[in-house]
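Here is how the chains run, residue by residue.
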Amino acid sequence: MRAPDWIEISPAGLRLRAADAWIDPARPVARALITHGHSDHARAGHGEAWATPETLAIMAARGQAPAVPHPLRHGERADFEGVAVSLHPAGHILGSAQIRLEGPDGTVIVVTGDYKREADPTCAPFEPVPCDILVTEATFALPVFRHPDPEGEIARLLAARAANPDRALLVGAYALGKAQRLVALLRAAGHEAPIYLHGAMERLMALYAAYGVPLGSLRPVSGAPREELSGAILLAPPSALADRWSRRLPDPLVAMASGWMRIRARARQRGAELPLIVSDHADWDALTATIAELSPREVWVTHGRDDALVHWCETRQIRARALHLVGRDDEAD
Amino acid sequence: MQRFAALLDSLSTAPARSAKLRLIGEHLATTPDPDRGLALAALTDGLALPAVKPALIRALVEARVDPVLFRLSHDYVGDLAETVSLLWPAGDPGHHPPTLAEAVAALRGATRASAPAVVSGLLDRLDPSGRFALVKLATGALRVGAGARLARVAFAERFGLEVAEVEEVWHGQEPPYQALFAWAEGRGPRPAPGEGASFRPFMLAHPLEAPEALDLAAHAFEWKWDGIRAQAVSAGGARRLFSRDGNDISAAFPDLVAALPDAPLALDGELLVRGSDGAPAGFHALQQRLNRKAPDARLLREAPVFLRAYDLLAEGGEDLRLLPWEARRARLERVMAALPPDRFDLSPLVAIADHGALAEARARPPHASIEGLMLKRRDSPYVAGRVTGLWWKWKKAPLTADCVLLYAQRGHGKRSSFYSDFTFGAWGPDGTLLPVGKAYFGFTDEELKWLDRWVRDHTVARFGPVREVEKALVLEVAFEGVAPSARHKSGIALRFPRIARIRTDKPAHEADTVAAIAALARP
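The shown structure was predicted, so the numbers you read here are calculated from the model rather than taken from an experiment.

Participant: Mind showing me how you'd approach the overall build of chain A here?
Facilitator: The number of helices and strands found in chain A is nine helices and 19 strands. A compact globule built from 333 residues should have a C-alpha radius of gyration of about 20 Å, and chain A, at 20 Å, falls within 12% of that. Viewed in the frame of its principal axes, chain A has a C-alpha envelope of about 65 × 45 × 30 Å. Relative to its full complement of 333 residues, chain A shows a buried share of 61%. Taking contacts inside chain A between residues at least 6 apart in sequence as the whole, the part at least 24 apart equals 60%. About 12,100 Å² of surface is accessible on chain A, with carbon and sulfur atoms providing 50% of the total.

Participant: Help me understand the sheet that holds strand β4 (residues 31-33) of chain A, please; the structure alone is not making it clear to me.
Facilitator: To summarise the sheet geometry, strands pair through backbone hydrogen bonds and adopt either a parallel or an antiparallel arrangement. All names here are of chain A. The six strands lie next to each other as β1-β2-β3-β4-β5-β6, forming an open sheet whose pairing is mixed. Unpaired on one side and paired on the other, β1 (7-10) and β6 (68-71) mark the two borders of the sheet. This sheet shows a mean twist of 25° between the axes of neighbouring strands, independent of strand direction. Of the strand pairs in this sheet, strand β5 (residues 48-51) and β6 are connected by four bridges, and their pairing is parallel. Bridge assignment links Trp50 to a residue of β6, and that residue is His70.

Participant: Quick question: what am I supposed to make of the interface of chain A and chain B here?
Facilitator: Interfaces are frequently sized by the accessible area removed from exposure as the parts join. Facing the 27 residues of chain A at the interface are 25 residues of chain B. The contact between chain A and chain B buries some 2,300 Å² in all, and 55% of this surface belongs to carbon and sulfur atoms. At the surface where chain A touches chain B, the tally comes to four salt bridges. Put simply, Asp9 of chain B and Arg264 of chain A hold a salt bridge, and the shortest N to O gap is 2.6 Å. Remark: the boundary between chain A and chain B carries seven residue pairs in polar contact (both at pLDDT 80 or more). At the level of elements, α7 (264-269) and α9 (306-315) of chain A are the ones that each hand at least two residues to the side of chain A that touches chain B. Counted by class, the side of chain A that touches chain B contains 12 nonpolar, three polar and 12 charged residues.

Participant: Explain empty space enclosed by the protein here, please?
Facilitator: Gaps left between atoms show up when a probe the size of a water molecule is rolled over them. All names here are of chain A. This model, assessed by the stated rule, comprises three cavities of 30 Å³ or more. In this structure, the largest cavity is lined by 14 residues; those nearest its centre are Asp24, Val111, Thr302, Leu325 and Arg328. For the lining of the largest cavity, the secondary-structure elements that each account for two or more residues are β11 (133-138) and β18 (298-304). Here the residues of the lining of the largest cavity sort into five nonpolar, six polar and three charged. For the second largest cavity, the calculated volume is near 60 Å³.

Participant: Help me understand the pattern of salt bridges in this model?
Facilitator: Charged atoms that come close allow side chains of opposite charge to pair. Inspection of every chain in the model, using the stated rule, returns 61 salt bridges over all chains. When the shortest N-O distance is used, the salt bridge between Glu273 of chain A and Arg167 of chain A registers 3.3 Å. A residue pair is termed long-range when its members are at least 10 positions apart, and Glu273 of chain A in the loop between α7 and β17 (274-276) and Arg167 of chain A in the loop between α2 (150-163) and β12 (169-172) qualify at 106 residues. For Asp345 of chain B, the salt bridge is made with Arg308 of chain B, and the minimal N-O distance between the two is 2.9 Å. Linking Asp345 of chain B in strand β9 (residues 344-346) with Arg308 of chain B in strand β7 (residues 305-315), this pair joins segments that are 37 residues apart in sequence. Exposure class is identical for Asp345 of chain B and Arg308 of chain B. Each is buried.

Participant: Hey, could you run me through the sheet that holds strand β2 (residues 206-207) of chain B in this one?
Facilitator: Residues and elements named next belong to chain B. Strand order in the open sheet formed by four strands is β2-β12-β10-β3, and the pairing between neighbours is mixed. Both edges of this open sheet fall to β2 and β3 (219-225), since each of them pairs with a single strand only. In the packing of helix α16 (residues 325-336) onto the sheet, contacts are made with β3, β10 (370-377) and β12 (391-395), and the angle to β3 comes to roughly 55°.

Participant: Hey, could you run me through the pairing of strand β15 (residues 233-236) of chain A in this one?
Facilitator: Within a regular strand, side chains alternate between the sheet's two faces. Residues and elements named next belong to chain A. Of the two faces of β15, the one holding Ile233 and Leu235 and the one holding Leu234 and Ala236 are both buried throughout. Of the strand pairs in this sheet, β12 and β15 are connected by four bridges, and their pairing is parallel. Bridge pairing links Leu169 to Ile233 in β15.

Definitions and limits used
- Residues numbered from 1 in each chain as written.
- Chains lettered and ligands numbered in written order.
- Predicted model: local features only at pLDDT ≥ 70, side-chain atom pairs only at ≥ 80, totals over all residues.
- Heavy atoms only, no water.
- Helix = DSSP H or I, 4+ residues; strand = E, 2+ residues; numbered from the N terminus.
- Rg over C-alpha atoms; globule rule 2.2 N^0.38 Å.
- Buried < 20%, exposed > 50% of the residue type's maximum accessible area, 1.4 Å probe, protein only.
- Contact = heavy atoms within 4.5 Å.
- Areas by Shrake-Rupley, 256 points an atom, 1.4 Å probe, with all protein chains shown as cover.
- Pairing = 2+ DSSP bridges.
- Axes fitted to C-alpha atoms, helices over the stretch in contact; angles between N-to-C directions.
- Buried area = accessible area lost by both parts, 1.4 Å probe.
- Salt bridge = Lys/Arg side-chain N within 4 Å of Asp/Glu carboxyl O.
- Polar contact = N/O pair within 3.5 Å; in protein donor to acceptor, adjacent residues only side chain to side chain.
- Nonpolar A, V, L, I, M, F, W, Y, C, P; charged D, E, K, R; others polar.
- 1 Å grid on protein atoms, 1.4 Å probe; cavity = no way out; pocket = protein on both sides within 12 Å on 5 of 7 lines; lining within 4 Å.
- Points joined across faces, edges and corners; volume = space filled by probe spheres on them.

Taken by themselves, the reported measurements are silent on function.
Structure below.
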């Protein structure tokens, strides 16, 4: 199995040799191609960076803006010393993209970044892009991970709220992507009451709203009278769930929204009384169905449970290898 | 089955005992018969299904799922039942899920040959939660953080009954406990305690607060032995041993149970291990027996148990509990003479003439296995629970040591935002601090806030929910004894440690040594 000579693979990431441009590099570089705004993919300190306008806005909002941003819309092509680069929706979070690379030899490589196939009202849906080599994520690449319908999980959250009118429903969710998706799902389920936010959530919520994602009435937790929080849904980053911040809340019922909540021990570690399985990553069925659908010549696995996905590819006569990239944060979902 | 599965799901993430009681109580009140009774039996280890071996479950999965993916998944998830529940291919949605009663009947009826087809047939009809519950039931280990006693308390509380009343009739009943539910819901009479060897709720003692106010002449005195409370019952040819929380522990103590006489009686006493010198061995010796549900021959030989009896609740079919203590004691002494002395002996009375002698006896008990004094009114009937004014316990003053805080861990439930579990150490021979125990109570709410703040301000490393702190805070730890420990590098572990005082006045280098604490173990 040999990579085309125009691309270099190392634990630090993938690099286009001629243009010296890195894909989602783990350390600051002169030229970077960024799939999406999560901090393990979009790091601070790059010189030039190419990404969707939404991803560049997210990076700027989190203080990770590159010195020279190059917005690239979905489908728009850019030339990197003979390698044609274009971005295509990944369905992961607002602005998330797959990166399609077409080398001078005609070989097409698609880097999925993080992706999912489920509908998500906060971002453009995943676009299957035909390719010779698929570079896929593998966060939930074990057959134990089969995400249920998010609507059902939201129904469980609303049922818990109805059953506990005196308690605050404190939902742990990552501040970028998951939190906005939860709000959108709650609105779609008919929940119109104000949703209260931990301070760390506010800036990115405003950014999503500015991009036209309808989020309804949002209020800060800080300053809200205690009685107003009884029976309300509150969103906070997972790190705040068991922190001093939560002490002021009226008898909080702690929920946690993540694909990891499928595993009981994970739910207990998080102290989540109500584990909600809502994920922004492809589950086992989606990962394998996507490979089967695109039918690439080779599969490269960037991060996650790579051994299981490589094994699955081999049983389907698809050549596969694990890249063992460093610096990816598995836990953030 | 789905309701039972949902109960197990919520129990596994319920933060506190009160939430678990509510969940179980609600389930028992709202689930139809016989499923609720079977759920109660499952939670109280009363189902007695012929256990399906984990190897059978593994073989079933490997016939359906790529064995490599199964192995990787099992490694990742850890728990077999959970892995299987998530990996099992979804069945035909047209199948109706079985009720708990159907599932239990199918598992009961399974033979070695039919078990694979029975188990896989049930799994095909269930969703992931249901499959998890089924594998847990079939392999005989629920482990959902709710023990038998908790389930009985939930039952009693939900239906407004006294736990003691429930426990007294409990062991005469069989799943699905329909007579019990009929009584609880006012549709039937209270079931009779049963012909067989049934449990009688224990009488408990209050801590003695004002020894000087006690009328000594009205009381009898005994040593408080450092074992576990147990009730040995023989009736109608059945022999049983019950623990303090009303669980049948006969299987773990066959040596004692076999020595019970045929003649009906019910003894209350202390379960102890006999040391090589014939006297009670320390609590850690008993601990080995308590850890084993079915002891092997070697353990039975090396750690033989006996009952040091101090009350007689029934004899020859006659209930003695309403007799005054003095009368029961006289009959107990007569009964004991006929029992094998290596397995049953009498807890001696302590002669105490005045308050000076009382304090002296408490301060200097004659044996290491004594943890204080029991004071019983001579006219007291035997009543269930902790009734004020009849029995008192007066424990020895606790031992104390000055230890250094090493690690702190966040608590659970209401304490989940506080560092409230403290691991502390003492100085080892090489001049390093070695852990000797962990305490999570003894402090006031104010002190907890102070400790939480101190931990956050003095963290040197983090491991998940655990913080390692600067070795600078001395805690005065009170404890009941010192036990050998293979888990601690210090080789010792404190028993029942609690934080007695925060010693901000004392520098860490003046804390106690492991050797000094170990020496406290020997009276």
